Amino acid sequence: MGIACFNISPVTSIINPKEMNKKCFILSLLFCLSVVAVSAQNRGLFDNDWRFALVPEEQEGKAKFGNPADVNYDDSQWRKLNVPHDWAVEGDFLASNPSGAGGGALPGGIGWYRKHFAVKANRSGDNTDRYFIDFDGVFMNSTVYLNGHELGTRPYGYSSFRYDMTPYLNLSGENVLVVKVDNSDQPNSRWYSGCGIYRHVYLVQTNQLHVAHWGTFVNTVALNNGKKAQMKIQVKVDGHAPDAADFQVVNTVYDANGKKVAQTKQKMSGRTREMKVSETVAAFSNPQLWSVDRPYLYNVKTEIVQNGVVLDEYNTKTGVRYFNFDVNKGFSLNGKSMKINGVCQHHDLGCLGSAINEDALRRQLTMLKEMGCNAIRCSHNPPAPELLDLCDEMGFLVMDECFDMWRRKKTKNDYARFFDEWANRDLTDLVVRDRNHPSIIMWSIGNEVLEQWSDASADTLTLEQANMILNAGHDASTLAKDGEMSINSVLAKNLSDIIKDTDRGTGRLITAGCNEPDPNNHLFRSGGIDLIGFNYHHQWVRDVPKNFPGKPFIFSESVSALQTRGFYTMPSDKVTNAPKEWWMPYTDPSYMCSSYDNMHAPWSSTHETLWDVVKHNDFVAGQFIWTGWDYIGEPTPYSYPARSSYFGIIDLAGFPKDSYYMYQSEWTNKDVLHLFPHWNWIKGQEIDLWCYYNNADEVELFINGKSQGVRKKTDNRPALQPEHKNTDIFKGSGNFDGSILNTPYHVGWRVKYEPGEVKVVAKKDGKVVRETVEKTAGTAHHIRLTPDKKEMKADGTSMVFVTVEVVDNDGTLCPLAEDQIFFEVEGGAKIAGVDNGSQSSLERFKDNKRKALFGRCLVVLQSDGTGKPVTLTAKSAMLKEATVKL
């Protein structure tokens with residue numbers, strides 16, 4: 001077979017920096033054209049050099065803007081950019097934006113993307129190649145055109161999809177690829193969605209005979225307690241073979257060092273153009289097991305071979321592991337019992353919006369891993385492929401989730417309007433795309449869908465009210481009747497069956513995030529739920545074994561504590577429900593929530609309360625905390641000008657809140673000694689000091705050298721409040737909402753403030769093992785810059801996250817500082833975003849300045865691809881400036 005080439009102008013086709021499913025080889029770059037020579041299938045990034053225009057609101061649907069789908073449309077004045085791109089995050093926060101505060105108060109609209117490129121086949125004069133365009137995600141209602149021909153429409157903004165460009169491709173001249181993105185019908189989401197081509201795009205070139213899209217299914221089974229691996233490898237082959245000759249499907253398994261450990265071969269007929277399916281089994285002994293602590297990966301290389309020539313090559317990453325959900329003992333991985341210590345994550349990346357960036361995603365996961373988190377729930381939609389790749393690589397278990405609503409809508413223009421037509425395809429595509437990932441251990445068919453009840457309309461309510469009523473409780477008359485298989489139950493069973501048919505034999509369980517804990521919930525009655533998932537309702541946990549006999553259990557969503565980093569409400573032993581009831585408004589002029597663990601939504605609990613339930617009940621497999629990071633939108637308990645969430649353990653800028661260290665003290669073996677809050681108050685003011693610690697017997701507090709007493713964590717749990725029914729007779733009552741400062745998870749002191757320093761000393765067996773100090777900060781003096789790394793790749797996408805702090809002359813953080821900081825960048829980078837973690841700041845994310853919040857803010861630098869040294873300078877009117885070089 002001859003060499004297959006395609007030239008793309010003026011784009012440089014960059015091979016994906018991580019190994020995806022297709023193996024690519026770059027031969028040369030000539031002038032502004034890329035020449036990619038391949039011996040098999042080529043899949044190259046198609047992200048660069050797009051043109052973009054946002055349709056002015058007053059011209060939407062009018063002829064004045066013209067028809068950008070027309071191949072001859074003049075786009076010369078359009079903005080040039082690279083994707084992934086999110087136009088909404090570039091806008092202003094406005095009360096008038098139809099997304100509302102729940103959607104981030106950022107704009108929507110209609111956007112158009114156009115890309116000019118040339119493709120020239122060179123296969124020894126053979127122009128029989130196939131060309132495809134792959135989109136990882138476009139939000140939302142995308143329609144794709146090639147040279148004026150409509151390739152298709154995809155409403156769901158989270159689904160990945162492919163179109164065949166071959167019939168309309170011009171191999172001897174210019175091509176124009178056009179994408180229309182319509183996110184004008186708002187509100188359509190209960191959180192910030194973003195707008196645009198916000199995930200990667202790939203151009204794929206194949207032989208006529210090739211592995212189909214997402215065409216491998218590697219079902220890996222660990223046998224004999226992990227002493228043997230058996231890989232059932234299914235390969236779908238599309239197209240026809242040259243000369244209709246027979247061919248072989250060869251699957252070779254390689255370990256992480258590239259050593260061959262197994263191989264299978266199967267002869268196939270090339271006489272038919274129909275989809276051909278190869279099924280073989282590769283087995284080998286003593287496999288390296290994939291785990292959260294050692295996520296070992298194998299690679300399965302699939303080759304289509306005819307007469308000794310490789311026509312196609314396709315690579316699939318996989319892992320060998322076995323797991324079990326036990327009704328009485330909870331979860332185990334590779335025979336080892338463990339708790340699923342997970343978090344829910346929405347898809348935005350803070351000030352970067354929804355535009356995917358691997359460095360930003362890795363930063364999020366790294367911080368969660370350091371906290372002790374071992375699992376991610378993809379809330380509440382198909383994730384970016386890069387998230388699953390990183391979970392495979394870094395060792396996170398995954399709940400892969402498809403929908404936030406089914407037929408009954410939660411917002412005026414949400415996915416419910418597309419559900420009947422598209423749900424089966426979107427769910428099937430999710431499973432087929434993701435089923436090879438060893439990190440995935442469960443599928444979720446929906447989150448808090450209204451079909452749990454016979455009647456639970458939310459579309460007549462505001463977005464804030466809809467979010468509240470989902471957890472408000474419903475009358476028993478709305479539940480399933482004995483012996484009834486309602487239409488809602490049938491729907492749940494149908495969705496479950498789609499997954500079981502598509503992911504056959506993997507052992508993964510099917511769940512749903514249910515906020516109706518009654519066993520007569522229509523979803524529970526469907527027979528399609530393998531793993532009972534409660535969203536909140538820890539008060540019902542005692543009765544799970546009785547209500548759901550033979551079913552394992554997990555908190556599919558938990559906690560919903562409310563916190564603003566650096567803000568503290570005292571007395572700290574008073575717990576606030578915000579709002580007190582779902583139907584009551586809540587307001588506070590600060591638009592902040594206390595960073596003590598003493599504030600939560602009315603349907604939820606504190607962090608310590610829920611963790612105590614999980615920790616002390618073996619049958620509870622684990623939890624997914626709402627949420628790991630703050631996210632844009634859904635600013636419960638407030639409305640505008642609040643525009644992002646308070647739920648995260650880490651704030652939107654990536655600064656940990658205090659509860660981060662509670663989990664780290666419980667979920668890891670790292671030495672933890674975290675004292676808070678800061679030590680800048682009014683002289684004589686009564687202050688509550690909390691301390692999270694581990695690996696010590698006791699801690700002692702000193703103020704300016706004077707002991708304030710020794711504290712030990714207590715196992716004494718406070719009396720239960722009347723509304724906490726069903727918790728008084730099962731282990732781990734988990735209610736710390738009483739008037740105490742000491743619990744099994746933190747200790748505290750109530751002291752009088754005096755300037756100076758406060759120190760806490762941890763002792764074990766009577767010996768000091770560690771100590772930490774908080775000092776009173778003086779007058780703000782200068783800026784301190786701390787990048788998360790000292791260099792970035794000159795690839796046009798890599799990022800460095802720089803922590804910006806206002807400190808006094810001695811370098812002590814000024815915890816009340818809110819100075820305006822200005823940024824200047826020289827060299828090979830640009831400012832990608834700024835943030836400070838404030839949930840109510842109306843400052844733009846795309847700017848060269850930011851106010852500090854409690855002494856800190858963030859600036860994100862992104863490579864411009866030139867490779868020049870980078871200098872960042874931060875300035876403020878009353879502070880000494882700072883510079884950092886990369």
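Worth saying up front: this structure is predicted, and the values here are computed from it rather than measured.

1. Points about unusual backbone geometry
For step 1, the next point in the chain: A cis amide bond links Ser379 to the next residue, His380, at an omega of -15°.
For step 2, the next point in the chain: Mapped onto the secondary structure, His380 falls in the loop between β25 (375-378) and α2 (385-394).
For step 3, the next point in the chain: A cis amide bond links Thr636 to the next residue, Pro637, at an omega of 15°.
For step 4, the next point in the chain: Phi angles above zero are rare outside glycine, and Asn286 is one such case at about 50°.
For step 5, the next point in the chain: Assignment of secondary structure puts Asn286 in the loop between β18 (276-285) and β19 (298-306).

2. Section: the sheet that holds strand β23 (residues 336-338)
For step 1, the next point in the chain: A sheet is described by the order of its strands in space; here 3 strands give the open sequence β21-β22-β23, paired in antiparallel fashion. In the strand order of this sheet, the two ends are held by β21 (323-326) and β23, each with one partner. Ignoring strand direction, the axes of neighbouring strands in this sheet form an average angle of 30°.

3. Here's the deal with empty space enclosed by the protein
For step 1, the next point in the chain: The tally for this structure, following the rule as stated, stands at 9 cavities of 30 Å³ or more.
For step 2, the next point in the chain: If you add up the space inside the largest cavity, you get close to 200 Å³.
For step 3, the next point in the chain: Residue lining of the largest cavity: 19 residues in total, with His346, His347, Leu361, Ala384 and Leu387 positioned closest to the centre.
For step 4, the next point in the chain: Residue assignment for the lining of the largest cavity shows that the elements contributing at least two residues are α1 (358-371) and β25.
For step 5, the next point in the chain: At 3 residues, the largest contribution of residues to the lining of the largest cavity is made by α1.
For step 6, the next point in the chain: Grouping the amino acids of the lining of the largest cavity by side-chain chemistry returns 10 nonpolar, 7 polar and 2 charged.
For step 7, the next point in the chain: Residue lining of the second largest cavity: 14 residues in total, with Tyr156, Tyr158, Asn188, Met405 and Tyr415 positioned closest to the centre.

4. Quick look at the side chain of Lys339
For step 1, the next point in the chain: Of note, Lys339 is situated in the loop between β23 and β24 (340-345).
For step 2, the next point in the chain: A polar side-chain atom of Lys339 sits 2.6 Å from the main-chain carbonyl oxygen of Val620.

5. Description of the environment of Glu824
For step 1, the next point in the chain: Inspection of the secondary structure assignment puts Glu824 in strand β43 (residues 820-826).
For step 2, the next point in the chain: Remark: the alpha-carbon pair of Glu824 and Leu872, spanning 48 residues in sequence, is separated by 5.8 Å.
For step 3, the next point in the chain: Reaching out from Glu824, the side chain makes a polar contact with the side chain of Lys875 at a distance of 3.4 Å.

6. Observations concerning the pattern of salt bridges
For step 1, the next point in the chain: What the rule picks out here adds up to 41 salt bridges.
For step 2, the next point in the chain: Between Asp75 and Arg114 there is a salt bridge, with the nearest N and O atoms lying 2.7 Å from each other. Taken together, the residues span a long stretch of sequence, with Asp75 in the loop between β5 (50-54) and β6 (79-81) and Arg114 in strand β7 (residues 109-118) at a distance of 39 residues. Just as Asp75 is buried, Arg114 falls in that class too.
For step 3, the next point in the chain: Close ionic contact of Asp429 with Arg154 constitutes a salt bridge, the shortest N to O distance being 2.7 Å. One end of the pair, Asp429, is in helix α3 (residues 416-434); the other, Arg154, is in strand β10 (residues 149-154), with 275 residues separating them in the sequence.
For step 4, the next point in the chain: Counted as one network, the salt bridges with shared partners bring together Arg154, Arg425, Asp426 and Asp429.

7. With respect to the pairing of strand β37 (residues 706-711)
Each regular strand shows side chains that alternate between the opposite faces of the sheet.
For step 1, the next point in the chain: The pairing of strand β36 (residues 698-703) with β37 spans 5 bridges and is antiparallel. What sits directly across from Ile703, in β37, is Lys706.
For step 2, the next point in the chain: Hairpin geometry of β36 and β37 is characterised by an intervening segment of 2 residues between the two adjacent antiparallel strands and by a positive phi of about 50° at Asn704.

8. Describing the confidence of the model for the protein
For step 1, the next point in the chain: The predicted model of the protein has a mean per-residue pLDDT of 90, with 88% of residues at 70 or higher.
For step 2, the next point in the chain: Residue range residues 1-39 is modelled with pLDDT below 50. Its contacts to residues more than four positions away, or to other chains, number 114 contacts.
For step 3, the next point in the chain: Across residues 718-739, confidence stays below pLDDT 50; counting only partners more than four residues off in sequence or on other chains, it has 58 contacts.

Cut-off values and rules
Residues numbered from 1 in each chain as written. Predicted model: local features only at pLDDT ≥ 70, side-chain atom pairs only at ≥ 80, totals over all residues. Heavy atoms only, no water. Helix = DSSP H or I, 4+ residues; strand = E, 2+ residues; numbered from the N terminus. Pairing = 2+ DSSP bridges. Axes fitted to C-alpha atoms, helices over the stretch in contact; angles between N-to-C directions. 1 Å grid on protein atoms, 1.4 Å probe; cavity = no way out; pocket = protein on both sides within 12 Å on 5 of 7 lines; lining within 4 Å. Points joined across faces, edges and corners; volume = space filled by probe spheres on them. Nonpolar A, V, L, I, M, F, W, Y, C, P; charged D, E, K, R; others polar. Polar contact = N/O pair within 3.5 Å; in protein donor to acceptor, adjacent residues only side chain to side chain. Salt bridge = Lys/Arg side-chain N within 4 Å of Asp/Glu carboxyl O. Buried < 20%, exposed > 50% of the residue type's maximum accessible area, 1.4 Å probe, protein only. pLDDT = per-residue confidence, 0-100. Contact = heavy atoms within 4.5 Å.

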